[in-house]
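Here is how the chains run, residue by residue.
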Amino acid sequence: MRDRQADHDSRGLTFRGTMLLNWEARTDDVASDRPAEDEKNERLLRTLLFSQDLHHEHADESGDRVVADLARVEAKLDLLLDMVSTLSRQEQSPAVAATVELWLKGASWSSANDRLPELGDRLWLSLYIDSRLAQPLRLPARVTEVAGVAGSSRITVAFEALGEPVQDLLAKLIFRQHRRMIAQRKAGKRLE
């Protein structure tokens, strides 16, 4: 994740980063796929949070470093199993690099691609938040805006039917990125 920025705007706390992105039309009912997708998204978000440099927080809370280490290993193994099964079952369209703005209720990105969703389309938005991981965060969304901006289009989506655990973990990830940005700014000012 590079070129990160997080800030407050009318959408609340946001996270901006360059990441791989893909979307596909969704014609099915979200409720039928929701439990499996929520479980995968929950595992992925937990693993992302564990792998970040704040991994010592978990050990401090439990008081037992061994328990925290085992929890991280278990989460990574679960994610690895999901990724292998997902890759063996699906043929995925190639993802493209984009600067994505992500907030708790939705996301937006710019695309110069000729293939664009239309206003009101329901889709699965796949975000490869960490390029080291082959599994994307796959979220059900509805297109709320498609606007032309200097030779490209800006697409905005609202997430639909996210489970509470996924919302909580997504909020933690966004907040953590915001906290990192503030720490990086402070460190930069101290070096001046």
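Scroll up a little and you will see the structure.
Residues numbered from 1 in each chain as written. Predicted model: local features only at pLDDT ≥ 70, side-chain atom pairs only at ≥ 80, totals over all residues. Heavy atoms only, no water.

Trainee: Explanation requested: the overall build of the protein in the structure shown.
Mentor: Within the protein one finds 4 helices and 7 strands. Ordered by position from the N terminus, the helices and strands of the protein form the series β-β-α-α-α-β-β-β-β-β-α. Classification of the 192 residues of the protein by burial places 40% in the buried group. Carbon and sulfur atoms make up 52% of the accessible area of the protein, which amounts to about 10,800 Å² in all. (Helix = DSSP H or I, 4+ residues; strand = E, 2+ residues; numbered from the N terminus. Buried < 20%, exposed > 50% of the residue type's maximum accessible area, 1.4 Å probe, protein only. Areas by Shrake-Rupley, 256 points an atom, 1.4 Å probe, with all protein chains shown as cover.)

Trainee: Is there a simple way to think about the pairing of strand β3 (residues 96-103) in this case?
Mentor: Sheet faces and side chains relate simply in a regular strand, where the side chains alternate between the two faces. The sheet contact formed by strand β2 (residues 12-25) and β3 spans 8 bridges and is antiparallel. Following the sheet pairing, M19 is matched in β3 by A98. Note: β3 against strand β4 (residues 106-111), 4 bridges, orientation antiparallel. Bridged to W103 within β4 is G106. Between β3 and β4, which pair antiparallel in sequence order, lie 2 residues. (Pairing = 2+ DSSP bridges.)

Trainee: Could you clarify how one ought to interpret the nonpolar core in this entry?
Mentor: Looking at soluble globular proteins, one finds that nonpolar side chains tend to be buried together. In this structure, L102, W109, L125, L127, V157 and F159 are the most contacted members of the largest nonpolar core, which totals 33 residues. In terms of residue count, helix α4 (residues 164-191) provides more of this core than any other element does, 5 residues in total. (Core = buried A, V, L, I, M, F, W, Y, C linked by side-chain atoms within 4.5 Å.)

Trainee: Can you help me understand the pairing of strand β5 (residues 122-128) in this one?
Mentor: Extensive coverage of β5 is indicated by the burial of 6 of its 7 residues. With 6 bridges connecting them, β2 and β5 associate as antiparallel partners. Bridging from a neighbouring strand, A25 pairs with L123 of β5. For β5 and strand β6 (residues 137-149), the ladder comprises 6 bridges, and the chain directions are antiparallel. Paired with L125 across the two strands is L139, which belongs to β6.

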